[in-house]
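Structural characterization, general
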2 protein chains.
Amino acid sequence: MEKAADTNGTGPTESAESRQYLGLRDGIASRISTGDLKPGDKLPSERQLQGEFGLARGTIREALFLLEAEGAIFRRDRSGWYVSPPPVVYDPTRWEGFMSYVEAQGRVPTTFTISTATIPADPLLSDIFSRPLGAPLHHIRRLRSVDGRAVLVEKLVVDAAITPGLLDFDLNTSLTAILKRNFGITVARNQISMQPCALTGDEAVDLRQKSGLPGLALQRVSYDGHGRVVEYDHEYWRHDAVQITVDLRVR
Amino acid sequence: MEKAADTNGTGPTESAESRQYLGLRDGIASRISTGDLKPGDKLPSERQLQGEFGLARGTIREALFLLEAEGAIFRRDRSGWYVSPPPVVYDPTRWEGFMSYVEAQGRVPTTFTISTATIPADPLLSDIFSRPLGAPLHHIRRLRSVDGRAVLVEKLVVDAAITPGLLDFDLNTSLTAILKRNFGITVARNQISMQPCALTGDEAVDLRQKSGLPGLALQRVSYDGHGRVVEYDHEYWRHDAVQITVDLRVR
DNA sequence: GAGTGGTCTAGACCACGGG
DNA sequence: CCGTGGTCTAGACCACTCT
């Protein structure tokens, strides 16, 4: 008996799902919405679900992938599947920085600096910062978490000429605050671009995600009051961790 | 011989990929980047790739899913896999509307009105529009395409009191233009919110996508110069069809 | 009707996580 | 060390598209 959907006598009994993984998806989703499973809770293992529902493991995984795409659950590599916490709201116009707005939402933000370096400007960066080729720029790579879960990696670049000694500060705090307090720099304008993307390579590794999972790529160029480029930032977010909100006047 | 990765004698010959689907992914990706495969081109069928690479179909599909998540390819249900065209750039602050900005990028926009209706305001909409419960609101559901490919479904709501007879116009054109020309309404402010999401149910059907594929959900509340709510809009985009760009002053 | 992707089965081994 | 998810095989039938 190598037939698959033998049970597909799908008599239109009620809302019988045509595809089994959709049924399983709905089952788990309702367990979450009723509060039977709460944010952070671990789901039964794939093999347990297999026994419980009498489906092949591939079918179980299909349902899990769907819930993952919907942002309802996430996985920790080779540890298990967990119920997702609610996303963080990110408003690029309210520029107090990550630490502030995450805290304002009653969550606990943390930052981990992965690496720092001062590197001569390449043609692209030289153009963005309007600085000569080879001018020194600070590169910072940071991992940011909410309630202990890594939600984004950022690679940011700052003009070293106007921020001497920046890398000696504790970068596991708010960069916005450091720039303001120690260098008198405030951001007046942001130019932002973003695309849904797949998290791959370094980003996936840092976020402890399996490569290829969906994410949101966000690039930001920040200007001060004089129109000078202050920061050039690339952020890679878990797709289920963020909601973007903007309020703006139309031109 | 039910062993899987027997070929995993992965001698570190060159950049041998540890996982076979990554190798296949790279192979197809490079065919795209060299121009061997161009936007719109059809990929070989899964079974052809199976023969060509000597992998099980599941493995082939894993590679295809990854490329899909990256936005490099897309599928037409039961027709095949195709190379993705470049995304459209969407700037919510430049409010000439979909038709204008798509054309400005040298692409061909089309709009198809799926349904229209005038419905009494429910509590939520009554609140958003600051209108009494039961006040008439126009509901419009449209499908919008670029170069013949459906890229987004939108469900929009407009206050019927200030747009009498709106549904009698040809809604397969620019709504922005209709509101301006025929009702003297212009948008002065937008409040936008967006989250990566999974396209499911009606949205997936309308976009001819398999349910569960990643997308971008965008909600917009538009105000006129008097602060009156003009439009309430929900858009569901294919994740690979759009890039959002915003330029804004920080508050 | 042929061909395509969509769904599903029933196994297997691998690599990593955590006690 | 064991349990977990990650990868992979080799089949099968189904539902739809296309010509």
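Note that the structure is a prediction, hence the values are computed from the model and not measured. (Residues numbered from 1 in each chain as written. Chains lettered and ligands numbered in written order. Predicted model: local features only at pLDDT ≥ 70, side-chain atom pairs only at ≥ 80, totals over all residues. Heavy atoms only, no water.)

A few points about the relation of the copies chain A and chain B
Selection criterion: Least-squares superposition of the copies uses the C-alpha atoms of those residues scoring a pLDDT of at least 70 in each of them. Note on definitions: a residue-residue contact is assigned when non-hydrogen atoms from the two residues lie within 4.5 Å.
Overlaying chain A with chain B gives an RMSD of 0.0 Å, the required rotation being 180 degrees about an axis along which the chain moves by 0.0 Å. Taken together, the rotation and translation describe the operation of a two-fold axis. The residues that chain A uses at the interface reappear at the interface of chain B in 100% of cases, marking a shared surface.

Observations concerning the side chain of B:S126
Selection criterion: Each helix is a run of H or I in the DSSP string that is no shorter than four residues. Each strand is a run of E no shorter than two, and both are numbered from the N terminus.
Tracing the sequence through the fold places B:S126 in helix α5 (residues 123–129). The residues touching B:S126, leaving out its near neighbours within four places in the chain, are B:A121, B:R131, B:P132 and B:L133.

Comments concerning the UniProt feature "domain: HTH gntR-type" (unreviewed entry) in chain A
Let me state the cut-off plainly: UniProt positions are given in the numbering used here, feature names are shortened, and annotations may be inferred rather than shown by experiment.
Sequence positions flagged by UniProt for "domain: HTH gntR-type" (unreviewed entry) are, in local numbering, residues 18–86 of chain A. Along residues 18–86 of chain A, the helical share is 51% and the strand share 12%, with 30 Å between the first and last C-alpha atoms.

A short note on the domain arrangement of chain A
Residue and element names in this part refer to chain A. Inclusion rule: Domain start and stop positions are those given by an automatic or database domain assignment. Buried area is a sum: the accessible area each of two parts loses on coming together, probed at 1.4 Å, counted once for each and added. What counts as a salt bridge is simple: a side-chain nitrogen of Lys or Arg found within 4 Å of a carboxyl oxygen of Asp or Glu. The definition of a polar contact used here is a pair of N or O atoms within 3.5 Å, where within protein one atom must be able to donate a hydrogen and the other to accept one, and adjacent residues in sequence count solely through side-chain atom pairs.
Segmentation of chain A into domains returns domain 1 (20–83) and domain 2 (88–244). For domain 1 versus domain 2, the separation of C-alpha centres amounts to 33 Å. Listed as interface residues are 6 residues of domain 1 and, on the opposing side, 6 residues of domain 2. In terms of surface lost to domain 2, no three residues of domain 1 exceed E68, F74 and R75, which account for 65% of the buried area on that side. Taken together, the connections running from domain 1 to domain 2 amount to 0 salt bridges. For the interface between domain 1 and domain 2, the tally reads 2 residue pairs in polar contact (both at pLDDT 80 or more).

Quick look at the protein's contact with DNA strand D
Quick reminder of the rule: We define proximity as follows: a residue is near a molecule or strand when any one of its heavy atoms falls within 4 Å of that partner. Note on residue classes: Ala, Val, Leu, Ile, Met, Phe, Trp, Tyr, Cys and Pro are nonpolar, Asp, Glu, Lys and Arg are charged, and everything else, Gly too, is polar.
Around DNA strand D there are 28 residues in total, and A:R57, B:Q20, B:Y21, B:A56 and B:T59 lie nearest to it. Per the 4 Å cut-off to the protein, sugar and phosphate atoms form 70% of the nearby atoms of DNA strand D. A:E46 is positioned such that a nitrogen or oxygen atom in its backbone is 2.9 Å from a phosphate oxygen of DNA strand D. Take A:R47: an N or O atom from its side chain is 2.8 Å from a base nitrogen of DNA strand D. When contributions to the surface near DNA strand D are tallied by element, the ones reaching two or more residues are α2 (46–53), α3 (57–69) and β2 (80–83) of chain A together with α1 (20–33) and α3 (57–69) of chain B. The class makeup of the residues in the surface near DNA strand D is 5 nonpolar, 6 polar and 17 charged.

Things to note about the confidence of the model for chain A
Residues and elements named next belong to chain A. Using the following cut-off: On a scale of 0 to 100, pLDDT captures the predictor's confidence in every residue.
Averaged over chain A, the pLDDT score is 90; the fraction of residues at 70 or greater is 93%. Ranking the elements of chain A by mean pLDDT puts helix α7 (residues 201–206) last, at 88, and β2 first, at 97. Note on residues 1–15: pLDDT is under 50 here. Beyond four places in sequence and across chains, it has 6 contacts.

A look at helix α1 (residues 20–33) of chain A
All names here are of chain A. Applicable threshold: To estimate the expected span of a helix, count its residues, drop one, and scale the result by 1.5 Å. Only protein chains enter the accessibility calculation, which uses a 1.4 Å probe; a residue whose area is less than 20% of its type maximum is buried, one above 50% is exposed, and one in between is partly exposed. For this quantity, the arc is that covered by the directions from the helix axis to the C-beta atoms.
Between its terminal C-alpha atoms α1 stretches 20 Å, which fits the 20 Å expected from 14 residues at 1.5 Å a residue. Within the sequence span of α1, burial applies to Y21, L22, L24, R25 and I28. Angular distribution of buried residues about the axis of α1 spans 160 degrees; they occupy a single face of the element. The inward-facing, buried residues of α1 abut α2 and α3. Phi for G35, located one or two positions after α1, is positive at around 90 degrees.

Observations concerning the pairing of strand β5 (residues 136–146) of chain A
Residues and elements named next belong to chain A. Our working rule: Between any two strands, pairing holds if DSSP finds at least two bridges.
Most of β5 is tucked away: 9 of the 11 residues are buried. As paired strands, strand β4 (residues 109–120) and β5 are joined by 11 bridges and run antiparallel to one another. Each residue of the ladder has a partner; that of T116, found in β5, is I140. As defined by bridge partners, β5 adjoins strand β6 (residues 149–159) across 10 bridges and the pair is classed as antiparallel. Paired with V146 across the two strands is R149, which belongs to β6. Where β5 folds back on β6, the antiparallel hairpin that results is connected by 2 residues, among which D147 adopts a positive phi of roughly 50 degrees.

Quick notes on the layout of surface pockets
Definition in use: Here a cavity denotes a set of grid points, spaced 1 Å apart and computed over the protein atoms alone, in which a 1.4 Å probe fits but from which it cannot get out, and a pocket denotes an open set meeting protein on both sides within 12 Å along at least five of seven lines; residues with an atom within 4 Å of a point are reported as lining. Grid points are joined across faces, edges and corners, and a volume is the space filled by probe spheres set on the points.
Reported here for the second largest pocket is a volume of approximately 950 Å³. A:E62, B:R57, B:R61, B:R78 and B:K210 are, among the 31 residues lining the second largest pocket, the residues nearest its centre. Among the secondary structure elements, those contributing two or more residues to the lining of the second largest pocket are α1 and α3 of chain A together with α2 (46–53), α3, β1 (73–76), β2 (80–83) and α7 (201–206) of chain B. Looking at the lining of the second largest pocket residue by residue, the classes come out as 10 nonpolar, 8 polar and 13 charged.

As for the protein's contact with DNA strand C
Residues in close proximity to DNA strand C total 28 residues, the closest being A:Q20, A:Y21, A:A56, A:T59 and B:R57. Restricting attention to atoms of DNA strand C within 4 Å of the protein, one finds that 69% of them are sugar or phosphate atoms. A distance of 2.7 Å is found between a phosphate oxygen of DNA strand C and a side-chain nitrogen or oxygen belonging to A:Y21. Within the side chain of B:R78, one N or O atom sits 3.1 Å away from a base nitrogen of DNA strand C. Counting residues per element, the ones that place at least two in the surface near DNA strand C are α1 and α3 of chain A together with α2, α3 and β2 of chain B.

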